[in-house]
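Now for the letters of each chain:
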Amino acid sequence: MPELPEVETIRRRLAPALVGARVTSIEIRDPRWCAPLAPAELADAVAGRRLEALERRGKYLDWALEDEIHLLMHLRMTGALLLDPAAEMPYTRVEMTFEGDRRLLFVDPRRFGTGELVAGDAALAAFYAARLGVEPFDEAFTGPALRALARGRRAPIKPFLLDQRHLAGVGNIYADEALFRAGVHPLRAAGSLRPIQYERLRDAVREALDAGIEARGASIDDYRDPDGVRGSFQDRFLVHLREGEPCVVCGTPIRKLVVGGRGTYVCTRCQPVPRRPRGGAASG
Ligand SMILES: [Zn+2]
């Protein structure tokens, strides 16, 4: 699933091409994309309005149009946005056109991606407040802030990081990479870290996300950027999907566990196993 670095890569490619242009049309070929809103209602609000900014919050892409109309796209599992594709694409759910003859397709084989309309900047703030916690690159994301969020929580740290209401934009790949960089085992109780470990984890989350953005995202499934090009971060993973391969730091074979139902990769030497693991399988 596209996480923060993939969505940010898409945003950085599309913003210079499309911001300032008017949306000339939006054709919604799959009504499930914007349900329960009717496609005609969404199209009425979007078509004819100028794109003032293209923003990202967590894994949401915010098409900020004139009159404080926001079209919020979430790509979910397999969604991709393709700019000026040379050919028609299978699984196209939405087609947008912009002034200047630009054409954008939303392609999504598994059809979990969504488009939601939010009217007014106050409503947008409320939408995000109900769903998303701190943004990893915001100055409010500090070691003490992470420690305060985790205080008293006995659930493992990995699902804590994956919960978008705590930290926005981090998914399975970047959680594994950040926990490895911080030397924290994914089964550690979220509230049990030492203060210095929250500092390290804060830094590690940013480093892992930065590395992902630098590599233009990770393509381990369907992810493509708006030019149809794969990211390369999957070639730079430190632990994720590296079961049995040597740890880049100490050479210990990377192990795969299941934590909160998600495949999870650790070096048990660099990330010491907690003495009393809770809420998931112990490393075996
Ligand atoms: Zn190691």
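Now for a quick tour of the structure.

Spatial strand order, 2-3-4-8: 4 strands in an open sheet with antiparallel pairing. Every other strand in the sheet has two partners, leaving strand 2 (51-57) and strand 8 (114-119) as the edge strands with one partner each. The average angle at which neighbouring strand axes cross in this sheet is 20°, direction not considered. Across 6 bridges, the pairing between strand 4 (residues 69-74) and strand 8 is antiparallel. Pairing of Leu71 across the sheet is with Leu117, part of strand 8. Its contacts with the sheet place helix 1 (residues 4-18) against strand 2 and strand 3 (60-65), and it is angled at close to 170° to strand 2. Of the strands in this sheet, strand 3, strand 4 and strand 8 are in contact with helix 2 (residues 39-46), which crosses strand 8 at around 55°.

All right, on to the coordination of the zinc ion then. Of the protein atoms, only Cys247 (SG), Cys250 (SG), Cys267 (SG) and Cys270 (SG) coordinate the zinc ion, at distances of 2.3 to 2.4 Å. Coordination at the zinc ion comes from 4 donor atoms whose angles at the metal span 98 to 114°, giving a geometry best classed as tetrahedral. Mapped onto the sequence, the donors of the zinc ion take the spacing C-x2-C-x16-C-x2-C. Using a relative accessible area of 23% as the deciding quantity, one classes Cys270 as partly exposed.

Turning to the sheet that holds strand 6 (residues 92-98), a few remarks are in order. In spatial order, the strands read 1-6-7-5; together these 4 strands make up an open sheet with antiparallel pairing. Either end of the sheet is taken by a strand with one partner, and the two such strands are strand 1 (23-28) and strand 5 (80-83). On average, each strand axis in the sheet is tilted by 15° relative to the strand beside it, whichever way the strands run. Of the pairings in the sheet, the one linking strand 1 to strand 6 comprises 5 bridges and is antiparallel in character. By the bridge assignment, Val23 is partnered in strand 6 with Phe98. In the packing of helix 1 onto the sheet, the strands contacted are strand 5, strand 6 and strand 7 (102-107), and the crossing angle to strand 5 comes to about 35°.

Rules used in this analysis
Every chain is numbered independently, its residues counted from 1 as its sequence is written. pLDDT decides what is reported in this predicted model: residues at 70 or higher carry local features, side-chain atom pairs at 80 or more are listed and counted, and totals for whole chains, interfaces and linings draw on all residues regardless. Side-chain measures here rest on the full set of heavy atoms in the structure, leaving out hydrogens and waters. Each pair of strands is called paired provided DSSP finds at least two bridges between the two strands. Numbering of helices and strands runs from the N terminus; a helix is a DSSP stretch of H or I covering at least four residues, while a strand is a stretch of E covering at least two. In this analysis, axes come from line fits to C-alpha atoms, helices being fitted only over the stretch in contact, and the angle between any two N-to-C directions falls in the range 0 to 180 degrees. By the convention used here, residues are in contact when the closest approach between their heavy atoms is within 4.5 Å. Only N, O and S atoms count as donors, using a 2.8 Å cut-off from the metal and 3.2 Å for Na, K and Ca, and because water is excluded some sites may appear unfinished. Labels for metal geometry use angle windows, namely 85 to 135 degrees for all angles of a four-donor tetrahedral site, and for square planar (four donors) or octahedral (six donors) sites opposite donors over 155 degrees apart plus all others within 65 to 115; sites meeting none of these are irregular. Remark: exposure states derive from per-residue accessible area (1.4 Å probe, protein chains only) relative to the maximum for the residue type, with buried under 20%, exposed over 50%, and partly exposed in between.

Function cannot be read off these values alone, since they describe shape.
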